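Report on the structure
Chain residues, written in single-letter form:
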Amino acid sequence: MSDKFLSISGLKKHFGNNRVLDGIDLEIERASITTIIGKSGIGKSVLLKCIANLVLADEGKIQLDGRPIIQSRKTARQPGGVCFSYMFQNNALFDSMTISENISMPLLETTSMSTHELHDEVEGMLGRLELGDVSSSYPAELSGGMRKRVALGRALITKPQIVLFDEPTTGLDPERKFSVLEMIANYRKQFGFTALLVSHDIPEVFEISDRVAWLDQGTLRFIGKPEELELSADLELSRFLDMANYGRNKTE
Amino acid sequence: MIRTIGSSTLCVVAEFGGIANFAVLSIYEFCCQRRRLAKWVLAVHEIGVRCVPIVAIVGLFTGLVMGLQLYYTLARLGAEAALGDAVALSLIRELGPVLTALMIVGQAGSSLASEIGIQRNDEQIDALQTMGIDARGYLVGPRLCASFICFPILTACFDLIGIFGGYLTGSVLLNVDAGVYWNHVFSSVQFADIYGGFIKAAVFGFLTITICAYRGFYTHLKSSSRGVRGVSESATRAVVFSSVAVLAADYLITSFLI
């Protein structure tokens, strides 16, 4: 079995005259955490949505575990299939469902678990996310940080092999931000999933990332380990990192 | 000009094809999903049970007004005794299915279009897709299947309450003999009238729920505005297109049944 779990080559996407992705090539190893950084509106979320097949790419190939992504998604629950999750930037919780219903939904709709097993799984997840007290509340009754954790719980409840996180720590206080990033790292160790993150939390997100990719002008202009970032000769990247406060925090 | 007419026609045909494809795929995907009965029962409650009060009220007042209007028209011809025939046949054949469908569109159709539209804007539909749940099957399929049973049943309620309304004005207020009224109702209505009304109701149900769900589901593509305004536009258009579809389909079905 290849170490390259997710493979993207020549991916292009444009909206009108705006060429958002202009030939993305990226290979992601199994059970690794890769973070995509870049300015706002540069196309990071579009890249994730192309991988999730929510946005159709104009050109290019996306392969998951050696098979085209569409085929992998269709056979997700079959033997050898790839179970896949996506955590949305705005959480995309079902606002007419309680927290426990939101978290249990993927299992309820896609597996044949008994009610007892389902209850145990959901209770376990609620406990780990410190959401046990609000299990019967509705998303609108929770704070932004709690909603983020619910979305995280829903993304991880199916024990996916690959999870796409679209800005998982946006809107969280520093303590919760660190806790969510730590949770992603811990869950990665526990379940062994492959994670692809889009984040603006520089440099905090580098602590959990195995690799970092910098998206600029429609292409990935840097792909490497976090410690290799400062060795890059790309002035644009240095400027971006300076702007993102990377240098100051690094010194601290 | 010919080019404009041609391209507009192609657009309309493509839209009809899109709607038909959407309906068929919604039902197919729903049939492939888990917990079908629970979802269907919930949809029957949403479309059917919640609409009972409005259908009953409109049915009663329609019957009352028809009793009043038809009584004075028939009285000029000395045929007051035929009030039961006139009220029952016009309700069962035409007014029952059409007005019931329009009431359900106003109540359930508009809320369906806005609910699905909001889910689209909040990325809840995308979330379903990423979970491996087909959004059409989950959100639209149960409602379409529920419409096949809800519309005919609500139409039957409308007809019965309307006929009772006709009795209230005709017999209680205007002194048409109650026995004559009911005798004319039972003798005039044939089985073909009843099943013709039910066929209409089922077709109207399928058309209206499909159109409302389609407008909501593709609110991001079909509306000229975005966000809340887009959803509001989708809901309005869903109600308008559904109402026109009901009237057009009524004419077509009546032409075949008569």
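Residues numbered from 1 in each chain as written. Chains lettered and ligands numbered in written order. Predicted model: local features only at pLDDT ≥ 70, side-chain atom pairs only at ≥ 80, totals over all residues. Heavy atoms only, no water.

Let's talk about the overall build of chain B
Helix and strand content of chain B: ten helices and zero strands. Of the regular secondary structure in chain B, the N- to C-terminal order runs α-α-α-α-α-α-α-α-α-α. Counting only C-alpha atoms, chain B reaches 65 × 50 × 30 Å along its principal axes. By the burial criterion, 47% of the 258 residues in chain B qualify as buried. The contacts in chain B between residues at least 6 apart in sequence include a share of 81% that link residues at least 24 apart. Carbon together with sulfur atoms contributes 70% to the accessible area of chain B, which is approximately 12400 Å² in total. Once the 17 positive and 16 negative side-chain charges of chain B are each reduced to a mean point, those two points are 9 Å apart. (Helix = DSSP H or I, 4+ residues; strand = E, 2+ residues; numbered from the N terminus. Buried < 20%, exposed > 50% of the residue type's maximum accessible area, 1.4 Å probe, protein only. Contact = heavy atoms within 4.5 Å. Areas by Shrake-Rupley, 256 points an atom, 1.4 Å probe, with all protein chains shown as cover. Lys, Arg positive; Asp, Glu negative; His and termini not counted. Charge placed at Lys NZ, Arg CZ, Asp CG, Glu CD.)

Concerning helix 6 (residues 135-173) of chain B
All names here are of chain B. Its 39 residues give helix 6 an end-to-end C-alpha distance of 53 Å, which sits within 8% of 57 Å, the value for a rise of 1.5 Å per residue. Along helix 6, the largest kink reaches about 35° and is centred on Gly 141; proline Pro 142 follows within four residues of it. The N-terminus of helix 6 is capped by Asp 134, whose side-chain oxygen sits 3.0 Å from the backbone nitrogen of Arg 136. Downstream of helix 6 by one or two residues, Asn 175 has phi in the positive range, about 65°. (Expected span 1.5 Å × (residues − 1). Bend = angle between axes of the 7 residues up to and from the residue. Polar contact = N/O pair within 3.5 Å; in protein donor to acceptor, adjacent residues only side chain to side chain.)

Overview of the pattern of salt bridges
Here the idea is simple: oppositely charged side chains can pair when their charged atoms come close. Here the structure, examined in full by the defined rule, presents 22 salt bridges over all chains. Of the charged contacts in the structure, one is a salt bridge between Glu 94 of chain B and Lys 200 of chain B, with a shortest N-O distance of 2.6 Å. One end of the pair, Glu 94 of chain B, is in helix 4 (residues 83-121); the other, Lys 200 of chain B, is in helix 8 (residues 191-217), with 106 residues separating them in the sequence. Classification of Lys 200 of chain B as buried rests on a relative accessible area of 2%. We note a salt bridge from Glu 115 of chain B to Arg 143 of chain B, for which the minimum N-O separation is 3.0 Å. With a gap of 28 residues between them, Glu 115 of chain B in helix 4 and Arg 143 of chain B in helix 6 connect regions that are remote in the sequence. When its relative accessible area of 35% is taken as the criterion, Glu 115 of chain B is described as partly exposed. Among the charged side chains, a salt-bridge network with shared partners connects Lys 39, Asp 216, Arg 221 and Asp 234 of chain A. (Salt bridge = Lys/Arg side-chain N within 4 Å of Asp/Glu carboxyl O.)

Quick notes on the environment of Ile 57 of chain B
All names here are of chain B. Looking at the element boundaries, Ile 57 is found in helix 3 (residues 52-76). On the accessibility criterion, Ile 57 (46% relative accessible area) is partly exposed. On a C-alpha basis, the gap between Ile 57 and Gly 162 in space is 9.2 Å, while along the polypeptide they are 105 residues apart.

Considering the pairing of strand 7 (residues 162-166) of chain A
All names here are of chain A. Among the five residues that make up strand 7, five are buried, leaving the element largely enclosed by the rest of the structure. Alternating positions in strand 7 separate into two faces, Ile 162, Leu 164 and Asp 166 on one and Val 163 and Phe 165 on the other, with burial throughout. Taken together, the four bridges between strand 6 (residues 84-87) and strand 7 define a ladder with parallel strand orientation. The residue of strand 7 that forms the bridge with Met 87 is Phe 165. Taken together, the five bridges between strand 7 and strand 8 (residues 194-198) define a ladder with parallel strand orientation. From the neighbouring strand, Phe 165 faces strand 8, where its bridge partner is Leu 197. Taken together, strand 7, helix 6 (residues 174-191) and strand 8 constitute a β-α-β crossover, and its handedness is right-handed. (Pairing = 2+ DSSP bridges. Right-handed = clockwise from strand over helix to strand, strands pointing away.)

Re the interface of chain A and chain B
Facing 21 residues of chain A, the contacting portion of chain B comprises 16 residues. Interface of chain A and chain B: buried area, both sides summed, is about 1600 Å²; carbon and sulfur atoms make up 54% of it. Of all residues in chain A, the largest losses of buried area upon contact with chain B belong to Leu 54, Phe 94 and Glu 109 of chain A, amounting jointly to 31% of the total for that side. At the surface where chain A touches chain B, the tally comes to three salt bridges. Of the charged contacts, one joins Glu 123 of chain B and Lys 49 of chain A as a salt bridge, the two residues approaching to 2.6 Å between their closest N and O atoms. In this assembly, chain A and chain B are joined by five residue pairs in polar contact (both at pLDDT 80 or more). Of all elements in the fold, only strand 6 and helix 3 (99-110) of chain A reach the threshold of two or more residues within the side of chain A that touches chain B. The element best represented in the side of chain A that touches chain B is helix 3 of chain A, accounting for five residues. Looking at side-chain class alone, the side of chain A that touches chain B contains twelve nonpolar, four polar and five charged residues. (Buried area = accessible area lost by both parts, 1.4 Å probe. Nonpolar A, V, L, I, M, F, W, Y, C, P; charged D, E, K, R; others polar.)

Concerning the environment of Ser 187 of chain B
Residues and elements named next belong to chain B. By the secondary structure assignment, Ser 187 is in helix 7 (residues 178-188). We classify Ser 187 as partly exposed; its relative accessible area is 46%. Between the alpha carbons of Ser 187 and Thr 155 there is a distance of 20 Å; along the sequence they are 32 residues apart. In terms of polar contacts, Ser 187 uses its side chain to reach the backbone carbonyl oxygen of Asn 183, at 2.8 Å.

Digging into a nonpolar patch on the surface
Residues and elements named next belong to chain B. On the surface, a cluster of nonpolar side chains totalling about 600 Å² of accessible area is made up of Phe 191, Ile 194, Tyr 195, Phe 198, Ile 199, Val 203 and Leu 257. Here the nonpolar patch gets six residues from one element, more than from any other, and that element is helix 8. With respect to the helices and strands, Tyr 195 occurs in helix 8. Overall, Tyr 195 belongs to the partly exposed group, its relative accessible area being 40%. (Patch = residues over 30% accessible without salt bridge, like charges linked within 9 Å, V, L, I, M, F, W, Y side chains within 5 Å.)

Re the confidence of the model for chain B
On average, chain B scores 93 in pLDDT, and the residues at 70 or more come to 100%. Across the whole predicted complex the pTM is 0.85, and at the interface the ipTM reaches 0.85. (pLDDT = per-residue confidence, 0-100.)

Here we look at the packing of helix 1 (residues 2-31) of chain B against helix 8 of chain B
Residue and element names in this part refer to chain B. Contact geometry for helix 1 and helix 8: axes closest at 10 Å, N-to-C directions at 100°. Relative to helix 8, helix 1 is oriented roughly perpendicular. Contacts between helix 1 and helix 8 involve Glu 15, Gly 18, Ile 19, Phe 22, Ala 23 and Ile 27 from the first element and Phe 206, Thr 210, Ala 213, Tyr 214, Arg 215 and Phe 217 from the second. Looking at the contact of helix 1 with helix 8, its residues break down into eight nonpolar, two polar and two charged. (Axes fitted to C-alpha atoms, helices over the stretch in contact; angles between N-to-C directions. Parallel < 35°, antiparallel > 145°, perpendicular 65-115°, else oblique.)

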